[in-house]
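What the coordinates show
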Amino acid sequence: MSSKRIVLCNERFLARFGVDRILVLLARRLQGEGSEVALSCLRSDPQALEGAKLSVDEVTLEDGLNFIEADVSASQQVLERMIADGPPDVVVIGGWPFFSLGALAASRGIRSIFIDAGAVPHDGMPEAALPIQRELRRLREVCLSAIDEVLPISAFIADSQTVPDRGALQGVETVLLGADHLDGLQEVALNTEEQLFIDRMDEEAAKGIRQILLLGRFEEHGYKNSPEAFNILRRVQKEVPDVRLLVLAGSESIDVPGDLKSKVVFLPTISDACLAEISKRSALGLSMSLWEGFNLPLAEMQWFDRPALVFNVGAHPEVAADPWLLCETSEEMGRKAVRLLQDESGLRLALAESMDRFRARFRWNGTLSRWVATILQDPSASPAVPPGKLRRLVLVDVTNSSRDPANSGVIRVTRRLSRELSARPELEVWFVAWDPARDGGRGGFRLLGQTERQFLASNGGPTDVKGVAFERLISSAEELLSTAGHVSTASPIFLFPEIALDGSAFARNEWASRQGCRIANVFYDMIPIYQSEYVDHTVRGAFPDYLRSISKADAVWSISGFSQSEFERYANEQSLAIPQRCEALLLPGQFSDRSRVKGQSEQDLSGTSVNILCVATIEPRKNHIALLDAFNKLRDIAPELSVHLHLVGNSYVNADSLTARVLDAASNDDQITWHKILPDATLAELYESASFTVYPSLTEGFGLPIMESLWIGRPCICHNSGVMAELAAGGGCLTVDMTSALALAQSMKKLAEDPALRAKLAQEAQARAISTWGDYAEEITRRICDL
């Protein structure tokens with residue numbers, strides 16, 4: 001391995017911060033190997049770099065930068081300075097604000113390595129701190145796939161964060177930290193205050209007072225769980241009265257319970273040498289932390305042959321010298337602390353062998369040797385992530401789904417597909433909305449605001465929308481692409497699962513093309529062209545432009561074979577190009593998050609009162625007039641039946657007369673209820689209380705309510721032609737000519753009067769193979785990654 005120029009980048013290089021400490025150790029080792037080493041950071045402290053002849057370049061950030069902009073700015077500054085000084089061979093990244101450096105360095109042929117200490121959990125964190133912490137996780141997810149090698153500091157971090165965020169095992173090597181960095185400091189002189197404290201500890205020890213060291217700095221909130229130490233102390237001092245709890249508090253003011261004030265000693269910021277002396281004199285160490293990527297203070301304590309109790313969480317099972325030192329509860333920790341302080345049955349002697357094994361294994365020489373080997377290795381030997389494993393950046397146009405409170409077909413597909421895609425490890429999914437006023441009226445996309453995110457998340461939509469903290473930070477999708485879109489070798493994808501009828505379809509595609517995106521569309525139906533009598537004139541007028549924009553896409557995925565053939569028919573008639581990747585991907589039949597209904601009993605379907613459910617937007621082609629007429633005829637020909645018709649669906653734009661007819665029917669007939677828009681949870685209850693459903697639509701691209709009814713195990717009456725007949729062919733349905741109100745009434749009577757027939761159709765429904773939204777998203781994801 002030849003000598004190289006190395007730059008180590010971290011937010012700070014300050015005393016007693018974990019990542020800072022280990023990067024300085026690495027820098028010194030690299031220097032010892034003959035490499036030229038420099039540090040880049042936002043701030044540093046000479047105390048942390050004492051004895052190291054390292055050049056430090058402190059980056060200055062402009063005021064007002066948001067979290068992502070700061071990362072990009074710091075990374076760009078470091079790259080520019082590195083290039084000016086002669087590009088280094090390798091950059092080693094400690095975390096924010098240098099995540100973007102991994103991708104930027106790659107553009108200049110510079111290798112990048114990330115020593116992954118993990119992103120802290122959010123439990124118990126103050127609400128004001130959460131937005132930034134969430135975006136830290138987003139930034140990790142976006143950037144880790146662009147970094148050449150990632151070295152997590154524990155298997156816990158590798159399994160829980162590194163591999164999920166990176167999206168691949170390649171280029172990941174777990175290297176546990178060392179513990180002996182405080183060794184050999186006996187010759188370092190303490191300052192007067194520190195020496196006085198050590199002398200006082202010796203005096204108290206001579207009097208039989210036992211010292212417990214609370215490991216790590218005291219933090220009032222969050223996963224460090226520091227205040228729980230007071231409960232442990234209260235439990236211990238009942239059986240070991242002569243005890244003190246030593247707390248590394250620095251300059252912080254900590255509220256100690258009144259009954260423990262005489263038992264707690266606060267330590268100011270101290271040197272490593274003083275910490276080593278305190279550790280050696282302490283009888284026991286306690287770590288209250290509920291999450292650790294390694295827990296360096298635990299390792300330090302055990303290096304000095306002192307037992308330390310920790311909770312059985314995070315990386316603690318990998319670092320604790322003996323399994324006995326792991327605790328499940330605070331009660332168990334207090335009980336074990338008493339035993340160690342009283343040294344019952346030679347407990348410390350029993351742990352001695354485990355301590356010896358720990359000291360033999362956790363040595364920095366081994367850790368640094370593995371890191372240095374990776375840093376100095378021949379780049380051709382680097383286990384780079386295969387291009388197919390890199391996350392593909394996907395922008396999903398959810399303009400309508402983030403504004404419409406309804407949950408009709410297209411919006412339902414968009415919400416559920418968006419939710420599933422956002423959970424796919426192969427994709428980095430962001431949701432955007434079209435704003436025609438942007439770019440001087442040219443139009444552009446922006447991230448979602450709070451209200452839009454709430455609409456999108458409703459009725460099975462994505463609940464963890466990317467960019468949740470960006471409402472005030474990044475206003476446009478262009479900024480997002482410039483800060484996050486550089487991490488993949490493949491072009492970003494612009495996915496349009498909705499329909500644009502406002503004249504902006506071409507503008508949206510042109511925007512995506514300018515950003516270097518590949519364009520994919522989900523296509524629904526040709527009803528405004530071939531069954532134009534069922535749609536409003538504004539839709540008829542706008543639809544051809546929408547179809548022409550689709551013909552320019554890189555991929556079109558139709559929701560059924562029928563829709564696919566109709567689109568190709570129109571394209572041929574109009575001499576439009578048919579995208580090379582043009583195919584039918586049938587929609588799934590899964591309803592919301594409801595489990596598939598299996599084993600429906602006959603009793604559930606044979607009540608004396610018959611409930612009929614129709615889920616469909618109130619618009620002409622859905623054929624509600626025929627349904628209402630058929631319902632009235634049903635009661636005329638079978639007056640003995642107790643039947644109730646439930647209608648669910650929003651009213652269609654410019655369908656005022658139809659809406660008025662439905663409203664009048666519901667107002668004047670207590671056996672008809674129009675529920676209008678319902679959340680999925682309430683709609684599921686209606687499905688489950690229904691005897692059967694009716695989907696009276698005359699033309700569809702798919703007919704999602706038919707399959708959702710079958711998913712819930714409810715028979716469905718639907719039209720006997722088009723895609724509805726195709727869906728019914730698998731079982732669970734009765735088909736009828738929906739243009740005849742009398743024929744529909746007779747079918748409803750047949751099903752209402754015959755519980756055995758309903759049970760038979762329900763069994764057929766339950767026996768059908770019905771795909772899930774996860775299945776559908778997997779098919780879409782595979783095609784996105786190949787696009």
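Preceding this paragraph is the structure being described.
Residues numbered from 1 in each chain as written. Predicted model: local features only at pLDDT ≥ 70, side-chain atom pairs only at ≥ 80, totals over all residues. Heavy atoms only, no water.

1. Some words on the sheet that holds strand β22 (residues 609–615)
The following threshold applies: Two strands pair if DSSP finds at least two bridges between them. Working definition: helices are DSSP H or I runs of at least four residues, strands are E runs of at least two. Numbering for both runs from the N terminus. Every angle, taken between N-to-C directions, lies between 0 and 180 degrees, and every axis is a line fitted to C-alpha atoms, over only the stretch in contact when it is a helix.
If you trace the six strands from one edge of the open sheet to the other, you get β24-β23-β22-β25-β26-β27, paired in parallel fashion. Both edges of this open sheet fall to β24 (672–676) and β27 (733–736), since each of them pairs with a single strand only. Strand-to-strand twist across the sheet, computed as the mean angle between neighbouring axes with direction ignored, equals 25 degrees.

2. Considerations on the nonpolar core
Soluble globular proteins tend to pack their nonpolar side chains together in the buried interior. The following threshold applies: Definition of nonpolar core: a set of buried residues of the types Ala, Val, Leu, Ile, Met, Phe, Trp, Tyr and Cys, connected through side-chain atoms within 4.5 Å. Exposure classes here rest on a 1.4 Å probe applied to the protein chains alone. A residue is buried below 20% of its type maximum, exposed above 50%, and partly exposed in between. We call two residues in contact whenever any of their non-hydrogen atoms come within 4.5 Å of each other.
Residues I612, L647, F692, V694, I717, L744 and M748 are the most contacted members of the largest nonpolar core, which totals 97 residues. Considering every element that reaches this core, the biggest residue donor is helix α27 (residues 741–753), with seven residues. Discounting chain neighbours no more than four positions away, the residues touching F692 are V610, N611, I612, L613, P715, I717, M748, L751, A752 and R758. By size, the runner-up hydrophobic cluster in this structure holds 95 residues, among which are I212, L260, L341 and W364.

3. Structural notes on unusual backbone geometry
Peptide bonds are trans in most cases, and residues, glycine excluded, mostly fall at negative phi. Residue P97 is reached from W96 by a cis peptide bond, and omega for that bond is 5 degrees. Relative to the helices and strands, P97 resides in the loop between β6 (90–93) and α3 (101–107). Residue S575 is not a glycine yet carries a positive backbone phi of 60 degrees. Summarising the element assignment, S575 is placed in the loop between α21 (561–574) and β21 (581–584). A residue is classified by how much of its surface remains accessible, and S575, at 67% relative accessible area, is exposed. Of note, the phi angle at S592 is positive, near 50 degrees, even though the residue is not glycine. Within the fold, S592 resides in the loop between β21 and β22.

4. A closer look at the sheet that holds strand β7 (residues 111–116)
Spatially, the six strands line up as an open sheet ordered β5-β3-β1-β6-β7-β8, and their pairing is parallel. A single partner strand is all that each edge strand has here, and the edge strands are β5 (55–58) and β8 (149–152). Between one strand and the next, the sheet's axes are offset by a mean angle of 20 degrees, whatever the strand orientation. Strand direction decides the pairing type here: strand β3 (residues 36–41) and β5, joined by four bridges, are parallel. For L39, the partnering residue across the bridge sits in β5 and is V56. On the sheet, helix α5 (residues 155–166) packs against β7 and β8 and is oriented at approximately 160 degrees with respect to β8.

5. Quick look at the state of the cysteines
What counts here: Cysteine sulfur pairs qualify as disulfides if the two atoms are within 2.5 Å.
Using the criterion set out here, one finds zero disulfides in the structure. The closest cysteine sulfur to the non-disulfide-bonded C517 is located on C785, 15 Å from its own sulfur. C517 sits in the buried class, given a relative accessible area of 7%.

6. Overview of the pattern of salt bridges
Keep this limit in mind: The rule for a salt bridge is simple: a side-chain nitrogen of Lys or Arg has to be within 4 Å of a carboxyl oxygen of Asp or Glu.
Under the counting rule described, the total for this entry stands at 45 salt bridges. With its nearest N and O atoms 2.8 Å apart, the salt bridge here joins R446 to E452.

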